[in-house]
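Single-letter residue listing:
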Amino acid sequence: MPIAQTADRIIVISEISEITDITETDMNLPPLVQSFVLHFGEMGSRWGINRTVGQIYALLYVSPSPLCAEEIADALSISRSNVSMSLRELQTWNLVLLKHKPDDRRDFFTTPDDVWQILRTLAEERKKREVDPTLSVLREILMQRPASDAERHAQERMSEMHALIEQLTHWYEDVKQLETERLATLLSLGAKVTKLLEAKDRVVSLGRGRRPNPANKS
């Protein structure tokens, strides 16, 4: 590669870095809040959502009061149209709430106060987008008649996957019905759940061992 061309690439990369730095420092946010917003934007891009969507959600989450689109655009130094598109996406995920203020015709947005509700919403939306379609495809494939040994083997493997995902889905449906306090308690148990199951198995075994044998009756 020619030296001049390499130099041009270095200049372009440097300019991109400067633009990124300017974008970050242009945010009208306290340093602590800005760090959280920037991190959420980076994580959002890894989760498959737009970086701006993640930043807006983080901003609304830590904001002491609902914000309108103009306030969001000013705080993050982004365009009004970008804010509008991002808010629509967050609404499709049911992650933002629409609020109104007296004598103000603008729409204001916030997030649910209960972090557990946010967790439930995220889990439900991801299930709809990722788990449910996979189950549907697996069911359709498993209903087909295999035309070869290779297809028969593939179906057997897919049947195992379908059974596991369906079992996890049933577990999720049961867990999401739990009250927040009980769900928090369940999650806090951690490895203790295994000990509880082991204790239950011992009790069941003892009960079976003490069961009277009908043959010994006179």
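Residues numbered from 1 in each chain as written. Predicted model: local features only at pLDDT ≥ 70, side-chain atom pairs only at ≥ 80, totals over all residues. Heavy atoms only, no water.

Peer 1: Go over the pairing of strand S3 (residues 104-110), please, and point to the residues and values.
Peer 2: When strand S1 (residues 67-68) meets S3, the two strands line up antiparallel, connected through two bridges. From the neighbouring strand, Leu67 faces S3, where its bridge partner is Phe109. From the end of strand S2 (residues 97-101) to the start of S3, which pair antiparallel, there are two residues, and Asp103 there has a positive phi angle of about 60°. (Pairing = 2+ DSSP bridges. Helix = DSSP H or I, 4+ residues; strand = E, 2+ residues; numbered from the N terminus.)

Peer 1: Quick one: what's the story with the sheet that holds S1, residue by residue and with numbers?
Peer 2: One open sheet holds the three strands; their spatial order is S1-S3-S2, and the pairing between them is antiparallel. Lying at the two open borders of the sheet, with one neighbouring strand each, are S1 and S2. Relative to S3, S2 is paired through four bridges, and the arrangement is antiparallel. Residue Lys101 lies in a different strand from S3, and its bridge partner there is Asp104.

Peer 1: So what's going on with the nonpolar core? Which residues, and what values?
Peer 2: In this structure, Ile56, Ile72 and Leu76 are the most contacted members of the largest nonpolar core, which totals 27 residues. Mapped onto this core, the elements with two or more residues apiece are helix H2 (31-47), helix H3 (51-62), helix H4 (69-76) and helix H5 (80-92). Broken down by element, this core gets its largest block of residues, six residues, from H3. Ignoring anything within four residues of it in the chain, the contact list for Ile72 reads Ile56, Leu59, Leu60, Leu67, Val83 and Leu87. (Core = buried A, V, L, I, M, F, W, Y, C linked by side-chain atoms within 4.5 Å. Buried < 20%, exposed > 50% of the residue type's maximum accessible area, 1.4 Å probe, protein only. Contact = heavy atoms within 4.5 Å.)

Peer 1: Explain a nonpolar patch on the surface to me, and be specific about the residues and the numbers.
Peer 2: Residues Tyr61, Val62 and Val115 make up a contiguous nonpolar surface patch of about 230 Å² in total accessible area. Note on placement: Val62 falls in helix H3. For Val62, a relative accessible area of 36% translates into the label partly exposed. (Patch = residues over 30% accessible without salt bridge, like charges linked within 9 Å, V, L, I, M, F, W, Y side chains within 5 Å. Areas by Shrake-Rupley, 256 points an atom, 1.4 Å probe, with all protein chains shown as cover. Salt bridge = Lys/Arg side-chain N within 4 Å of Asp/Glu carboxyl O.)

Peer 1: Run through H5, naming residues and quoting values.
Peer 2: Here H5 contains 13 residues, and its C-alpha end-to-end distance of 19 Å stays within 8% of the 18 Å for a straight helix at 1.5 Å per residue. When we look at burial in H5, the residues that qualify are Val83, Ser84, Ser86, Leu87 and Leu90. Elements that come into contact with the buried residues of H5 comprise H3, H4 and S3. Phi for Asn94, located one or two positions after H5, is positive at around 60°. (Expected span 1.5 Å × (residues − 1).)

Peer 1: If you had to explain the side chain of Gln55 to someone new, which residues and values would you point to?
Peer 2: Structurally, the position occupied by Gln55 is in helix H3. Since its relative accessible area comes to 8%, Gln55 is described here as buried. Those residues in contact with Gln55, other than ones at most four positions away along the chain, are Met27, Val37, Leu38, Gly41 and Leu76.

Peer 1: Please provide a residue-by-residue account of the packing of aromatic side chains, values included.
Peer 2: Applying the stated criterion across every chain yields a total of four aromatic pairs. Their ring planes at 50° and their centres at 5.2 Å tell us that Phe36 and Phe40 sit as a pair that is tilted. Within this pair, Phe36 and its partner Phe40 are both found in helix H2, separated by four residues, close to a single helical turn. Plain terms: the ring middles of Phe40 and Tyr57 are 5.9 Å apart, the flat faces sit at 35° to each other, and that makes the pair tilted. One end of the pair, Phe40, is in helix H2; the other, Tyr57, is in helix H3, and 17 residues separate them in sequence. Across from the ring centre of Trp93, 4.1 Å away, lies the NZ or CZ of Arg129, which sits over that ring. (Phe/Tyr/Trp six-rings, centres within 6.5 Å; stacked < 30°, edge-to-face > 60°. Lys NZ or Arg CZ within 6 Å of the ring centre and 35° of its normal.)

Peer 1: So what about the packing of H3 against H5? Which residues, and what values?
Peer 2: Between two packed helices, the angle of one axis relative to the other and the distance separating the axes together describe the packing. Where H3 contacts H5, the axes come no closer than 9 Å and their chain directions differ by 75°. In terms of orientation, H3 lies roughly perpendicular with respect to H5. Residues Thr52, Val53, Ile56, Tyr57 and Leu60 of H3 form the contact with H5, whose own contacting residues are Asn82, Val83, Ser86, Leu87, Glu89 and Leu90. Of the residues contributing to the contact of H3 with H5, the split by class is seven nonpolar, three polar and one charged. (Axes fitted to C-alpha atoms, helices over the stretch in contact; angles between N-to-C directions. Parallel < 35°, antiparallel > 145°, perpendicular 65-115°, else oblique. Nonpolar A, V, L, I, M, F, W, Y, C, P; charged D, E, K, R; others polar.)

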